[in-house]
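# Report on the structure
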Amino acid sequence: MNLFSHDTEFKMDVLREVGNIGAGHAATALSRLLDKPVDMAVPTVSFIPFEEISGRVGGPEEVVVAVFLRVEGEAPGNIFFLMSREQARGLLQGLLAFDATEGDAYTEMELSALSEIGNILAGSYLSSLADLTGLPLSPTVPSIAVDMAGAILTYGLLQFGTMGDDALLIDTTFLEGKHEAEGHFFFIPDPESFERMFRALGVPVE
Amino acid sequence: MNEAVIVKVGMADLNVAAAGASLRTTGLGSCVGLTLYDAGRRIAGMAHIMLPSSEIAREGQLNVAKYADTAIPELLVRMKDAGADLSRLVAKMAGGAQMFAFAGGSDSMRIGPRNVESSHAALAKWSIPVVAEDTGGNYGRTIEFDSLSGVLTIRSVQNGVKEI
């Protein structure tokens, strides 16, 4: 993308900080919800080939639980909260305080609870982003799927699809304690959103 | 039996296989996996189509394998180079799911069905019959196409294995 041809490192740093602030609020929200400490790794920001994005969560055929929200407003984009099936089970146990159903199937109640977790994370992520940039941003109603990562993540790449074969991904890993991952939070702003975000944050855009 | 050779087809990619090799593409959601087959010469081709039309492309260097309308002509060229008789080709397709259901359903959410429609339209333009398809639904698929038998094997998390 031309926008990133100058001051690439600086712009990536800005996006990393944006991700950091958003995810920090989301981690606090998750921590309150589960009533236990939730930490997060420093977000990574990268242009990544479509082919490799699912590699972040185990590969295209890895079965993941994914909550998907579309970001609407001045800087539209896509948000995914992705968990392995074990991580989803752990979250449900923590949240609902009963043993989640064994096996691969989820009840309506469990899917609804997981959607709500995704909704709360995305809501706190976006509201801190909106505060930071002054741009109005709001998530759509969450949608949930349990399926192959490759099949799911395509939805976050369609806007980039018309421009090339790479997407800009802001990836945050949530950690329980210091090591055990709770899930991935992917923010993939639409290509045209970057210029608006940079302008709103006072980053020079040629 | 010898270990079968599997040729990988990536996202927005296409390839051709013959002599008993198989073509494979993983994690099809809204994307369409389209195969062409010359049964007489046992030559197979596969494209992993991501978007319905190259008219919406804004990229400098067009990746023809990405769009239904450009992937099919390119695959025909590759099939011809591999020695296929283009007048005998038949097509199969899988994928084009709608993974997430939103109330209202914006255009980008309907991308799966649109990919299927465009693939049909492009094949009709080249008068290539679609002999079998497993499209739609709300689940992901991994497909493998055997150049020896012309059988397309479809795997999904929810519905197991199916052959068309």
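Residues numbered from 1 in each chain as written. Chains lettered and ligands numbered in written order. Predicted model: local features only at pLDDT ≥ 70, side-chain atom pairs only at ≥ 80, totals over all residues. Heavy atoms only, no water.

## So, unusual backbone geometry
The phi angle at D35(A) is positive, at roughly 55°, despite the residue not being glycine. Here D35(A) lies in the loop between α1 (8-34) and β1 (38-40). In this model, S127(B) sits at a positive phi of 55°, which is unusual for a non-glycine residue. For S127(B), the location among the structural elements is in the loop between α2 (111-125) and β7 (130-135). (Helix = DSSP H or I, 4+ residues; strand = E, 2+ residues; numbered from the N terminus.)

## Considerations on helix α3 (residues 85-96) of chain A
All names here are of chain A. For α3, built from 12 residues, the straight-helix expectation of 16 Å at 1.5 Å per residue is met to within 8% by its first-to-last C-alpha distance of 16 Å. Those residues of α3 not exposed but buried are A88, R89, L91 and L92. Looking down the long axis of α3, one finds its buried residues gathered within 160° of arc, a one-sided arrangement. (Expected span 1.5 Å × (residues − 1). Buried < 20%, exposed > 50% of the residue type's maximum accessible area, 1.4 Å probe, protein only. Arc of directions from axis to C-beta.)

## Some details on the interface of chain B and chain A
Each partner contributes residues to the interface: chain B has 37 residues there, and chain A has 31 residues. Taken together, both faces of the contact between chain B and chain A bury some 2,500 Å²; the carbon and sulfur share is 62%. Where chain B packs against chain A, one counts three salt bridges. Across the salt bridge formed by E61(A) and R24(B), the nearest N and O atoms sit 3.4 Å from each other. (Contact = heavy atoms within 4.5 Å. Buried area = accessible area lost by both parts, 1.4 Å probe. Salt bridge = Lys/Arg side-chain N within 4 Å of Asp/Glu carboxyl O.)

## Brief notes about the nonpolar core
Among the nonpolar cores identified, the biggest contains 96 residues, and F80(A) and F174(A) are the most heavily contacted of them. For F80(A), the contacting residues outside a window of four places in its chain are V67(A), F68(A), I152(A), L153(A), Y155(A), G156(A), H184(A), F185(A), F186(A), I188(A) and F100(B). Within the second largest apolar cluster, 23 residues are counted, among which are L14(B), L36(B), A91(B) and I128(B). (Core = buried A, V, L, I, M, F, W, Y, C linked by side-chain atoms within 4.5 Å.)

## A look at the environment of E163(B)
Residue and element names in this part refer to chain B. The topology assignment puts E163 in strand β10 (residues 160-163). Under the relative-accessibility criterion, E163 is labelled exposed at 58%. Considered as a pair, E163 and I143 are 20 residues apart in the sequence and their alpha carbons are 9.5 Å apart. For E163, the contacting residues outside a window of four places in its chain are V151, L152 and T153.

## Here we look at the UniProt feature "domain: CheC-like protein" (unreviewed entry) in chain A
All names here are of chain A. Annotation from UniProt places "domain: CheC-like protein" (unreviewed entry) at residues 12-46 and 109-144. In residues 12-46, helix accounts for 66% and strand for 17%; the two terminal C-alpha atoms are 8 Å from one another. Helix makes up 69% of residues 109-144 and strand makes up 14%, while its end C-alpha atoms are separated by 12 Å. (UniProt positions renumbered as here; feature names shortened; annotations may be inferred.)

## Looking at the sheet that holds strand β9 (residues 152-156) of chain B
Residues and elements named next belong to chain B. Judged by pairing direction, the sheet is mixed, and its five strands sit side by side in the order β1-β3-β8-β9-β10 without closing on themselves. In this open sheet, the two strands that pair with only one neighbour each are β1 (6-8) and β10. Direction aside, the axes of adjacent strands within the sheet are offset by 20° on average. With five bridges connecting them, strand β3 (residues 22-28) and strand β8 (residues 141-146) associate as antiparallel partners. Its bridge partner being in β8, S22 is matched across the sheet by D146. (Pairing = 2+ DSSP bridges. Axes fitted to C-alpha atoms, helices over the stretch in contact; angles between N-to-C directions.)

## Some words on the pattern of salt bridges
For the structure shown, the criterion picks out 14 salt bridges over all chains. The shortest N-O distance in the salt bridge between R16(A) and D13(A) comes to 2.6 Å. Of this pair, R16(A) and D13(A) are both found in helix α1, three residues apart, which corresponds to roughly one turn of the helix. Salt-bridge contacts for D38(B) lead to R88(B); the nearest nitrogen and oxygen are separated by 3.6 Å.

## With respect to α2(B)
Residue and element names in this part refer to chain B. With 15 residues, α2 ought to run about 21 Å at 1.5 Å a step, and its terminal C-alpha atoms sit 21 Å apart, in line with that. Among the residues of α2, I111, G112, N115, V116, S119, A122 and L123 are the ones counted as buried. For α2, the angular spread of buried residues about the axis comes to 140°, placing them on one side. Projecting away from the buried face of α2 at angles above 90 degrees are the exposed residues A124 and K125.

## Description of the packing of aromatic side chains
Residue and element names in this part refer to chain A. If you walk through the whole model with that rule in mind, you get 10 aromatic pairs over all chains. An angle of 50° between the planes, with centres 6.3 Å apart, marks the rings of F68 and Y155 as tilted. Taken as a pair, F68 in strand β3 (residues 63-73) and Y155 in the loop between α5 (149-153) and α6 (158-161) lie far apart in primary sequence, 87 residues in all. A ring pair is formed by Y125 and F187, whose centres lie 5.6 Å apart and whose planes are at 75°; its orientation type is edge-to-face. With Y125 in helix α4 (residues 108-133) and F187 in strand β8 (residues 180-189), the pair connects residues that are 62 residues apart, well separated along the chain. Judged by its relative accessible area of 1%, F187 falls in the buried class. Joined through ring pairs, the aromatic side chains of F81, Y125, F174, F185 and F187 make up one cluster. (Phe/Tyr/Trp six-rings, centres within 6.5 Å; stacked < 30°, edge-to-face > 60°.)

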